[in-house]
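Given next are the chains, with one letter for each unit.
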Amino acid sequence: MPALATTSDGFLLHGDPFRILSGAMHYFRVHPDQWADRLRKARLMGLNTVETYLPWNLHQPEPGTLVLDGLLDLPRFLRLAAAEGLHVLLRPGPFICAEWDGGGLPHWLTTDPDIRLRTSDPRFTEAVDRYLDLLLPPLLPYMAASGGPVIAVQVENEYGAYGDDIAYLKHIEHALRSRGVEELLFTCDQTAGDHLRNGTLPGVLATGTFGSRVEESLRRLREAQPEGPLMCSEFWIGWFDHWGGPHHGRDAEDAAADLDRLLAAGASVNIYMFHGGTNFGYTNGANHHHAYVPTVTSYDYDAPLTESGDPGPKYHAFREVIARHAPVPDEPVPAPSPKLAPTTVRLTHRTPLIPSAGRPVRAKDPLSADDMGRRAGYTLYRTTVPTPGHGLLHFEGGVGDRAQVFLDGAPAGVLERERYEETLPVHVPRADAVLDVLVENMGRVNYGPRIGVPKGLLGPVTFMGRPLRDWDCHALPLDDAPSTTTLTATDPEPVAPESAPTGTLTSRVPVPEAFASSGPAFHHGTFDVRTPADAFLSLPGWTKGQAWINGFHLGRYWNRGPQRTLYVPAPILRRGVNDLVLLELHGATTSDAHLTDVPDLGPTGP
Ligand code: GLA
């Protein structure tokens, strides 16, 4: 008997009338030491429930594994929610969208190009089943049936926007039920077009995702489901940003007015997002509608709680609206967290990327990153070009997603999937010049039919129409920060290629000197902290790359914007000496980085 039941127009929780006042917060986008603080702030805004997705790709980095610790310690997150008196809505996917790398689908699934994702294709459903076999047993104690906080579980995610394979949806429903999930199940769908028809299941509560036109959206939901509670399972109160686009904001009063309409209509709500957090490391997703556009590192979302967990204008406005419809705790609104005093960090050591490039795989034509088993990050390809002269370098099938081309170590140009670039005019200076192509996976598409599209170099490469063969393909081990002892042990001057530690560079082609002196490089510096506090890393004068502090991968930076600062959560800082490492892909006009006390997510646009 599920704790949460439905009536003809509402919910009952343990038999009593109940309205879900929920806010989305993804544990995997927030430092675990900050979970308790964010959950408390959810309760203080007047929420009675918190909602989270589960990222399959991180929980199961390889088939047969399950990671449930650190940032992925969902049981701990659930205990903290329960301790705060919050109920929980779980959205285990398997697909989660969420502007998350691949919508949460593991990259190892998509190395089979024929697999039909999110369908009843047994190659997909088998993988889902094996994942749920491992995932659900440790979560069952947290279901309301066992006295835990989880009162409802979502089946798939906006399936009606993707497909109409009802047998697949039924498979997911059965997969949850047969593994012991007794709680209320629900689907969520956009309310326009056929979505609600294609994404819903008999006997499973249908809910809607929308951010405005409340009455119309609720009417459509009611048409699709004549009886039962009305619930907006994603009430979009802000939005996410793409590199090169505007920073999205939504007026707090406008969003609050729509929240008021929803609550006045008697609906339940999940505010998406209550607290967005950060796409740390290589976890951001991308969209590909007309063109490929990757999502930025911040997932601030213009949410009630900012990326650094401070109550913003929406927090106050929403609290007021909720107070009109439900009791709100009579406790003061939390003050913003203290911030670190602005500090300049001098990056004193530079180490070229290449000596740490790792062992290559030799292949006639370049291997995709997926074929090399890479979920994320960078791949490096090296060969020689037999014929000198001016001509076109052509990458058949394009690049996934951004390729930097070097000839004899000198930068020769960049190709971006965003711009459909596949061809670069270059000058090959001599016979057998060394061609290096460094490719960045900018994030896997998380919405629509292009989920699972491969990364790296995607086909043969030609120069002047003649194929270039025999590639050294390096999957670069850049998930973790390179050890700072390695970095500080090197000379602050550029490391000559010959001085690369033996064994780390097994490429048949020697590293051109220019690459070592002016190519992509790690920069390392230290800074002192007296009392750890939140900060924002600002990098004026730097171009593009990755940033780590004390080994914690903050994510990507790019002068293209709109995002100008990276959030530095207080718990990653330590009293005393702290390390900053940047992987700068192009070059910097400065050797300074700055820790500031205000975020800059860029100019707000439509
Ligand atoms: C949809 C998805 C969410 C998210 C939002 C946009 O509603 O279900 O995962 O992608 O769009 O932020």
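Residues numbered from 1 in each chain as written. Predicted model: local features only at pLDDT ≥ 70, side-chain atom pairs only at ≥ 80, totals over all residues. Heavy atoms only, no water.

## Some remarks on the pattern of salt bridges
Evaluation of the coordinates by the stated rule reveals 38 salt bridges. One salt bridge connects E216 with R220, and the closest N-O pair in it is separated by 2.7 Å. Taken together, the residues span about one helical turn, with E216 and R220 both in helix α7 (residues 214–224) at a distance of 4 residues. Residues R574 and D579 are paired through a salt bridge, measuring 3.2 Å at the closest nitrogen-oxygen approach. According to the relative accessible area criterion, R574 is partly exposed, its value standing at 39%. Judged by its relative accessible area of 14%, D579 is buried. The structure contains a network of salt bridges with shared partners spanning E215, R250, D254, D258 and R261. (Salt bridge = Lys/Arg side-chain N within 4 Å of Asp/Glu carboxyl O. Helix = DSSP H or I, 4+ residues; strand = E, 2+ residues; numbered from the N terminus. Buried < 20%, exposed > 50% of the residue type's maximum accessible area, 1.4 Å probe, protein only.)

## A short note on the site of the ligand
Of all residues adjacent to the ligand, which total 14 residues, the nearest are Y53, A98, E99, E234 and Y301. The contact in question runs from an oxygen atom of the ligand to an N or O atom on the side chain of Y53, over 2.7 Å. Between an oxygen atom of the ligand and a main-chain N or O atom of I96, the distance comes to 3.2 Å. In isolation the ligand exposes 300 Å². Once the protein is present, 96% of that is buried. Of the residues contributing to the shell around the ligand, the split by class is 10 nonpolar, 1 polar and 3 charged. (Near = heavy atom within 4 Å. Polar contact = N/O pair within 3.5 Å; in protein donor to acceptor, adjacent residues only side chain to side chain. Areas by Shrake-Rupley, 256 points an atom, 1.4 Å probe, with all protein chains shown as cover. Nonpolar A, V, L, I, M, F, W, Y, C, P; charged D, E, K, R; others polar.)

## Some remarks on the environment of M464
In this structure, M464 sits in the loop between β25 (461–463) and β26 (466–468). With residues near it in sequence (within four places) discarded, M464 still touches P388, G389, H390, G391 and L392. (Contact = heavy atoms within 4.5 Å.)

## Considering the UniProt feature "domain: Glycoside hydrolase 35 catalytic" (unreviewed entry) in the protein chain
Within this numbering scheme, the UniProt entry marks residues 11–323 as carrying the feature "domain: Glycoside hydrolase 35 catalytic" (unreviewed entry). Within residues 11–323, the helical portion is 30% and the strand portion 19%, while the C-alpha atoms at the span's ends are 20 Å from each other. (UniProt positions renumbered as here; feature names shortened; annotations may be inferred.)

## Looking at the packing of helix α1 (residues 35–45) against helix α9 (residues 313–325)
If you want to describe how two helices pack, look at the angle between their axes and the distance between the axes. Orientation of α1 relative to α9, taken along the N-to-C sense of each, is 45 degrees, at an axis distance of 9 Å. Between α1 and α9, the crossing angle belongs to the class labelled oblique. Along its contact with α1, which presents K41, L44 and M45, the element α9 presents Y315, F318, R319 and I322. (Axes fitted to C-alpha atoms, helices over the stretch in contact; angles between N-to-C directions. Parallel < 35°, antiparallel > 145°, perpendicular 65-115°, else oblique.)

## A word on the sheet that holds strand β32 (residues 565–568)
Ordered by their spatial adjacency, 8 strands build an open sheet running β31-β30-β33-β28-β15-β34-β29-β32, and the pairing between neighbours is antiparallel. If you trace the sheet from one side to the other, it starts and ends with β31 (552–558) and β32, each paired once. On average, each strand axis in the sheet is inclined to that of its neighbour by 30 degrees, with strand direction left out of account. Where strand β29 (residues 535–538) meets strand β34 (residues 592–596), 3 bridges bridge the pair, whose relative direction is antiparallel. Paired with L537 across the strands is L595, a residue of β34. (Pairing = 2+ DSSP bridges.)

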